[in-house]
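Notes for the structure review
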Amino acid sequence: MYCKRNLNVILNLTLILALLFFSSCGKRKTEQNITVSSSEAPSPAVKITATFYPLYVICLNLTQNVPGAQVTMLNSSSAGCLHDYQFSTRDMKIVSKCDILVANGAGMENFMDRLLEQKKDHLIVACDGYELMDENPHIWVSTKGAKFMVNRITSGLMRLDPRNSSLYEENCRAYERKLQDLEDEMHRSLDRYAGKKIITFHEAFPYFAREFNLEIQSVIEREPGTSPSPRELENQIAQIRQEIADGTKPALFAEPQYPASSAEIVAKETGLRIYILDPCVSGTAEPSEKTKNSYVDTMKKNLTVLEEALEG
């Protein structure tokens, strides 16, 4: 009797332990399934490399709130255009590891043509399809050109990273509205100066001049860092003096990224004042709101400078 009672107790305890064991296993299995649910898995990072600052700024705006998006650039954020850029081993590694490479095109990156060809399946060329002026690559200096580049890069990002296509498109529309507001503001201020002549430091402003109906009277340095010959400078000064004598006083501009020694000679010999016009190729490098707004902010500073220079 005693043994039978003990046997019943043992059997009941065994049954209870078995039920608890299988219940625990089922719970752990359910928890494990929840943990690895694909809907909660983090988005894979997309590494985007821009060749220089204007493209970097655009990419920062277009990747706003895109999960895992990482944007880097090759050229220094404090340098100018890519005219004198030296491609390095470090750059080779960055380009080889990036998922998407964003280039300006129109000859701006001719120092890395072979690498662009190797990266062609992951490459976005921002100038492709734009009406070029004498193969000049500086289309972003015009607000219309900047908007074209924004849309061109957006299309490329949507094609190469379709998972985030809706975010790229949303960011494109938001940034495009900012650029349109900037363009409208600049036209309201500058349209009254249509036909005015300007002297630019290098070949960065043809698209800007075309958009705002300004005439480039001469260019001091065709390539920044390459000073004009004494004869070229003498001819420029003689032409400017003649125009001043005829009652036309052009506005003289230098750029903050380069020494203004040649412009200073022109100013000294003609009596013109030097103004600083920024082609938007340098600024802060941090992926911050200040950097995202740098193109708009720089163009607004240019607007203030132009209003003063063209009024004189």
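This report concerns the structure included in the present document. (Residues numbered from 1 in each chain as written. Predicted model: local features only at pLDDT ≥ 70, side-chain atom pairs only at ≥ 80, totals over all residues. Heavy atoms only, no water.)

A word on the pattern of salt bridges
If you walk through the whole model with that rule in mind, you get 13 salt bridges. As a salt-bridge pair, glutamate 308 and arginine 273 come within 2.8 Å of each other at their nearest N and O atoms. Here glutamate 308 is found in helix α11 (residues 294-311), whereas its partner arginine 273 is found in the loop between α9 (261-270) and β8 (274-276), with 35 residues between them in sequence. By relative accessible area, glutamate 308 is classed as partly exposed at 42%. Linked by salt bridges that have partners in common, Lys144, Lys147 and Glu183 make up one network. (Salt bridge = Lys/Arg side-chain N within 4 Å of Asp/Glu carboxyl O. Helix = DSSP H or I, 4+ residues; strand = E, 2+ residues; numbered from the N terminus. Buried < 20%, exposed > 50% of the residue type's maximum accessible area, 1.4 Å probe, protein only.)

Examining the nonpolar core
Ranked by size, the top nonpolar core spans 74 residues in total, and within it Ile48, Trp140, Ile153, Leu190, Phe208 and Tyr295 carry the most contacts. The element best represented in this core is helix α2 (residues 53-62), accounting for eight residues. In this structure, tryptophan 140 is in contact with Phe52, Pro54, Cys81, Asn104, Met108, Gly145, Ala146, Met149, Pro279, Cys280, Val281 and Tyr295, ignoring residues within four places of it in sequence. One finds Ile220, Leu233, Ile237 and Ala254 within the second-largest nonpolar core, a separate group that totals 12 residues. (Core = buried A, V, L, I, M, F, W, Y, C linked by side-chain atoms within 4.5 Å. Contact = heavy atoms within 4.5 Å.)

Observations concerning the pairing of strand β6 (residues 215-219)
Of the pairings in the sheet, the one linking strand β5 (residues 197-200) to β6 comprises four bridges and is parallel in character. Note on β6: the bridge partner recorded for threonine 200 is valine 219. (Pairing = 2+ DSSP bridges.)

As for the pairing of strand β1 (residues 46-50)
Among the five residues of β1, four are classified as buried, and the element is accordingly described as predominantly covered. Relative to strand β2 (residues 69-73), β1 is paired through five bridges, and the arrangement is parallel. Note that in β2 the partner of alanine 50 across the bridge is methionine 73. Each parallel crossover has a hand, and for β1 linked through α2 to β2 it is right-handed. As paired elements, β1 and strand β3 (residues 100-103) share three bridges and run parallel to each other. Directly across from threonine 49, in β3, lies its bridge partner leucine 101. (Right-handed = clockwise from strand over helix to strand, strands pointing away.)

Focus on unusual backbone geometry
Of note in the backbone geometry, aspartate 134 takes a positive phi value of approximately 50° without being a glycine. Here aspartate 134 is to be found in the loop between β4 (123-125) and α5 (143-160). Unusually for a residue other than glycine, glutamate 135 sits at a positive phi of about 60°. Within the secondary structure, glutamate 135 is located in the loop between β4 and α5.

So, empty space enclosed by the protein
Inspection of every chain in the model, using the stated rule, returns one cavity of 30 Å³ or more. Estimates place the volume of the largest cavity at around 100 Å³. If you go around the largest cavity, you meet 13 residues; those closest to its centre are Pro54, Val57, Ile58, Tyr175 and Tyr295. Counting only elements with at least two residues in the lining of the largest cavity, the list comes to α2, α6 (165-190) and α11. In terms of residue count, the dominant contributor to the lining of the largest cavity is α2 (four residues). Split into classes, the residues belonging to the lining of the largest cavity amount to 10 nonpolar, three polar and no charged. (1 Å grid on protein atoms, 1.4 Å probe; cavity = no way out; pocket = protein on both sides within 12 Å on 5 of 7 lines; lining within 4 Å. Points joined across faces, edges and corners; volume = space filled by probe spheres on them. Nonpolar A, V, L, I, M, F, W, Y, C, P; charged D, E, K, R; others polar.)

Concerning the layout of surface pockets
Roughly 320 Å³ of volume is contained in the largest pocket. Every residue lining the largest pocket is counted, 16 residues in all, and those nearest its centre are Asn136, Pro137, His138, Glu203 and Glu223. Approximately 220 Å³ is the volume found for the second largest pocket. As for the second largest pocket, its lining consists of 13 residues, and the residues nearest its centre are Ser282, Ser294, Asp297, Thr298 and Lys301.

Observations concerning the sheet that holds β2
Backbone-to-backbone hydrogen bonds pair the strands of a sheet. The strands run either parallel or antiparallel. Strands sit in the order β2-β1-β3-β4 across an open sheet of four strands; the sheet is parallel. What marks the edges here is a single partner per strand, and that holds for β2 and β4. Sheet twist, expressed as the average angle between the axes of neighbouring strands with direction ignored, equals 20°. On top of the sheet, α2 reaches β1, β2 and β3; it is set at about 170° to β2, its chief contact. (Axes fitted to C-alpha atoms, helices over the stretch in contact; angles between N-to-C directions.)

Notes on the environment of glutamine 86
Assignment of secondary structure puts glutamine 86 in the loop between β2 and α3 (89-97). Between the C-alpha atoms of glutamine 86 and phenylalanine 111, which are 25 residues apart in sequence, the distance is 7.9 Å.

Focus: the packing of α2 against α6
The N-to-C vectors of α2 and α6 enclose an angle of 115°; their axes lie 8 Å apart at closest approach. Where α2 abuts α6, its residues Val57, Ile58, Asn61 and Leu62 lie against Leu167, Tyr168, Asn171, Cys172 and Tyr175. Residues that form the contact of α2 with α6 fall into these classes: seven nonpolar, two polar and no charged.

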